[in-house]
Amino acid sequence: MDKLQQQAISTVRVLAAETVERANSGHPGMPLGAAPMAFTLFENMTHCPKNPDFINRDRFVLSAGHGSALLYTLLHLFGYGVTKEDLMSFRQLRSKTPGHPECDRTPGVETSTGPLGQGVANAVGFALAESMLAAKYNRDGLDIIDHYTYALCGDGCLMEGIESEAASLAGTWKLGKLIVLYDSNGITIEGSTDKAFTEDVARRHEAQGWQVIRVTNGEDADAIEAAIRLAKDDRERPSLIVVKTTIGFGSPKAGTADSHGAPLGAEGVKALKANLGMEKTKPFETPVDVQKYMAATVDRLNKAEGEWNKIAKAYKAKYPELYDALMSELKGKLSAEELSAKISPSEKDDASRSYSGNVLNALADVLPNFIGGSADLAPSNKTYLKGKGDYSAIERTGRNISFGIREHAMAAICNGVKLHGGFNVFCGTFFVFSDYMKNAMRMSAIMGLPVTYVLTHDSIGVGEDGPTHQPVEHLAALRSMPNMKVFRPADSSETVDAYVSALTGKGPTAVICSRQTLKQYPHERGEGFKGGYILADSEKEIPDVILMASGSEVGTIMQAREMLKGMNIDARVVSMPCLELFDVQPAKYRESVLPSTVRARVAVEAGSSQCWYKYIGLDGACVCMDGFGSSAPANKLFEIYGFTAENVAKVAAKTVKNNR
């Protein structure tokens with residue numbers, strides 16, 4: 001390591017510490033300890049600071065997102081448009097430098113991180129996408145897709161179960177272009193990791209099929225660079241580079257938990273600068289020699305896109321159709337109208353999981369970049385794409401992905417695939433197990449990623465498996481998540497609408513499907529896009545009561561409507577497949593469906609009543625599920641818990657009486 005490189009690393013450390021100090025908030029310990037490995041990586045990665053979206057760039061994920069001051073400092077020095085003023089605005093409202101990295105706010109940030117371990121799983125998704133695109137499009141030495149994925153993680157990331165899940169898959173898939181640098185400093189918030197984390201992480205990863213490289217001195221940039229080269233040479237195994245570091249290096253709090261999550265203090269920063277030989281620099285100042293060094297480095301890195309453009313030009317000339325297909329898939333824009341026209345709903349009564357399976361396969365036929373899989377439940381979820389092959393270390397072009405029983409990693413990997421670009425991606429499991437993947441789904445929503453979640457076996461309709469497998473509170477939980485669309489279709493047509501909306505709209509979508517058979521109902525195509533609509537109207541201008549439901553319970557309220565006729569009560573039936581879409585419809589439309597003059601309203605759903613009170617008001621009623629279920633045949637459970645036409649009609653009649 002030459003003197004200028006050492007000075008640049010010291011600059012990273014000082015700027016990161018000053019960034020945290022200025023905000024009086026943040027985590028200086030990890031940036032101080034990991035600066036040499038992060039800087040060395042940024043010097044040796046293939047990236048283009050003048051164009052952060054350069055297609056063939058290496059991807060970098062800061063899985064230890066609390067160390068964001070390190071990333072922002074690197075982006076500042078490497079010419080990504082993060083200014084000194086941005087560093088000084090760290091953790092402030094609407095700044096380019098939020099407390100944890102956010103991919104839609106800062107150029108050069110590939111994914112939003114913070115929940116530990118998820119970044120590693122995102123990185124697996126990036127590497128997975130790269131391997132699939134490379135296998136599909138590279139030809140005759142013209143490797144138009146050829147890049148690495150790097151992640152920087154800490155002890156906390158490796159304690160999380162999601163990291164082990166993702167690492168197991170990466171090893172199974174032999175993602176040799178995935179390289180994880182492990183900031184091994186042995187300290188967490190509570191102190192030494194020996195209190196709760198004594199496993200041999202290296203041997204665990206070796207057992208999972210990884211190459212493990214050890215760097216015993218985290219200050220040795222030359223050894224780190226050599227380790228990165230060695231990792232890149234092994235295309236058969238993902239690599240874990242274990243780098244022994246000192247948290248808070250150079251500061252009075254070095255090696256202690258005190259440096260993890262609190263500013264060093266003015267005297268601490270002063271001592272740090274003195275220890276690093278930078279006591280004469282002003283706050284947020286980059287020494288002139290370092291500025292020149294970085295300018296030359298950035299100029300070198302910016303040439304990467306030009307070199308790739310030569311390959312792309314030759315590729316386009318030789319394979320124009322493939323080039324256009326790749327660019328189209330990377331662009332990733334779909335028209336709801338065009339896509340909907342290509343997918344026909346089924347005409348027979350069936351479970352919506354079966355409708356879902358039909359739609360998934362129809363989509364796979366018209367969208368060559370439509371991929372996905374399940375957490376070992378494809379036969380039950382109906383998520384297998386027939387004739388599209390199985391992805392593996394041997395067959396990278398397979399479009400069915402077997403995630404194994406790893407729901408959390410599955411969702412986070414899909415986030416990485418979507419962030420990488422080039423694919424429309426879905427993943428599936430039983431609805432009750434969405435709890436295992438909730439935080440990754442939340443990250444989909446925060447980032448606005450159109451990942452599709454296929455969640456089947458939606459209620460007590462699961463039957464004999466009992467309360468452990470019967471989702472009750474799950475609809476309410478997902479509906480409470482900002483930016484998440486939750487579809488619970490009542491028939492095949494609504495199922496088509498759910499998937500078209502998922503693929504052409506913003507943010508993630510959960511498609512909630514039944515195990516039990518649903519009936520088909522006559523209505524116009526595309527009604528599901530409104531989120532709620534009149535399925536069967538009253539004969540009067542103003543109905544006596546409004547019955548509303550989603551999914552399988554729509555059939556129940558349709559039957560109840562007929563029973564109410566015999567009681568001389570006129571009912572309107574409203575199907576509500578997606579409350580989130582209904583809520584954003586114009587007020588005039590919502591009033592036309594649920595007129596405020598009709599106070600007698602009944603909501604029916606085999607899930608928590610929590611979501612429905614804003615629709616039924618103070619005078620309405622719910623037939624819902626606010627307790628856990630039981631083990632019994634599904635039809636018996638629906639009867640016991642009141643999800644019958646007779647009970648709904650009874651509740652509706654009482655509601656009408658109370659409102660007269």
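Please refer to the structure higher up on the page.
Residue indices follow the written sequence of each chain, beginning from 1 at its first position. Reporting in this predicted model follows two pLDDT cut-offs: at least 70 for local features of residues, and 80 or more for side-chain atom pairs to be given and counted; totals over whole chains, interfaces and linings ignore these cut-offs and use all residues. Only hydrogens and water are set aside; all other atoms, that is, all heavy atoms of the structure, feed into the side-chain values.

**A look at the pairing of strand β9 (residues 370-374)**
- The buried label goes to any residue with under 20% of its type's maximum accessible area, the exposed label to any with over 50%, and the partly exposed label to all in between, with areas taken from a 1.4 Å probe on protein chains only. For helices the rule is a DSSP run of H or I covering at least 4 residues; for strands it is a run of E covering at least 2, with both sets numbered from the N terminus onward. With five of five residues buried, β9 is to be regarded as a mostly interior element.
- At least two DSSP bridges between two strands are required for those strands to pair. As paired strands, β9 and strand β11 (residues 424-430) are joined by five bridges and run parallel to one another. The partner of Phe-370 across the bridge, within β11, is Asn-424.
- Pairing analysis gives three bridges linking β9 to strand β10 (residues 400-402), with the strands arranged parallel. Bridged to Gly-373 within β10 is Ile-401.

**As for helix α26 (residues 645-658)**
- For α26, with 14 residues, the first-to-last C-alpha span of 20 Å sits near the 20 Å given by 1.5 Å per residue.
- Taken together, the buried positions of α26 are Ala-645, Val-648, Ala-649, Val-651, Ala-652, Thr-655 and Val-656. The buried residues of α26 occupy an angular sector of 165 degrees when the element is viewed end-on, so they sit on one face. Facing away from the buried side of α26 by over 90 degrees, the exposed positions are Glu-646, Lys-650, Lys-654, Lys-657 and Asn-658.
- Among the structural elements, β17 (545-549), α21 (553-565), β19 (601-604) and β20 (621-623) are those in contact with the buried residues of α26. Expected helix span is given by 1.5 Å per residue-to-residue step, counting one fewer step than there are residues. Of all possible arcs, the one meant is that of the directions from the helix axis to the C-beta atoms. Pairs of residues are marked as contacts when any of their non-hydrogen atoms sit within 4.5 Å.

**A look at the pattern of salt bridges**
- Salt bridges are defined as contacts in which a side-chain nitrogen from Lys or Arg sits within 4 Å of a carboxyl oxygen from Asp or Glu. One pass over the structure, following the stated rule, counts 31 salt bridges.
- The salt bridge involving Arg-237 is made with Asp-234; its shortest N-O contact spans 2.8 Å.
- With a shortest N-O distance of 3.9 Å, Asp-350 and Lys-348 are connected by a salt bridge.
- Overall, Asp-350 belongs to the buried group, its relative accessible area being 18%.
- Several salt bridges converge on common partners, so that one network encompasses Asp-458, Arg-479, Arg-488, Glu-553 and Glu-605.

**Regarding the nonpolar core**
- Leu-152, Trp-173, Ile-241, Ile-413 and Tyr-453 are the most contacted members of the largest nonpolar core, which totals 131 residues.
- Broken down by element, this core gets its largest block of residues, 12 residues, from helix α5 (residues 118-137).
- Ignoring anything within four residues of it in the chain, the contact list for Leu-152 reads Met-30, Ala-34, Met-37, Ala-38, Phe-60, Val-61, Leu-62, Ser-63, Ala-64, Leu-70, Leu-181 and Asp-183.
- The next biggest cluster of nonpolar side chains, apart from the first, holds 53 residues, and it includes Ile-460, Val-602, Ala-645 and Val-656. For the purposes of this section, nonpolar cores are sets of buried Ala, Val, Leu, Ile, Met, Phe, Trp, Tyr and Cys residues that join through side-chain atoms within 4.5 Å.

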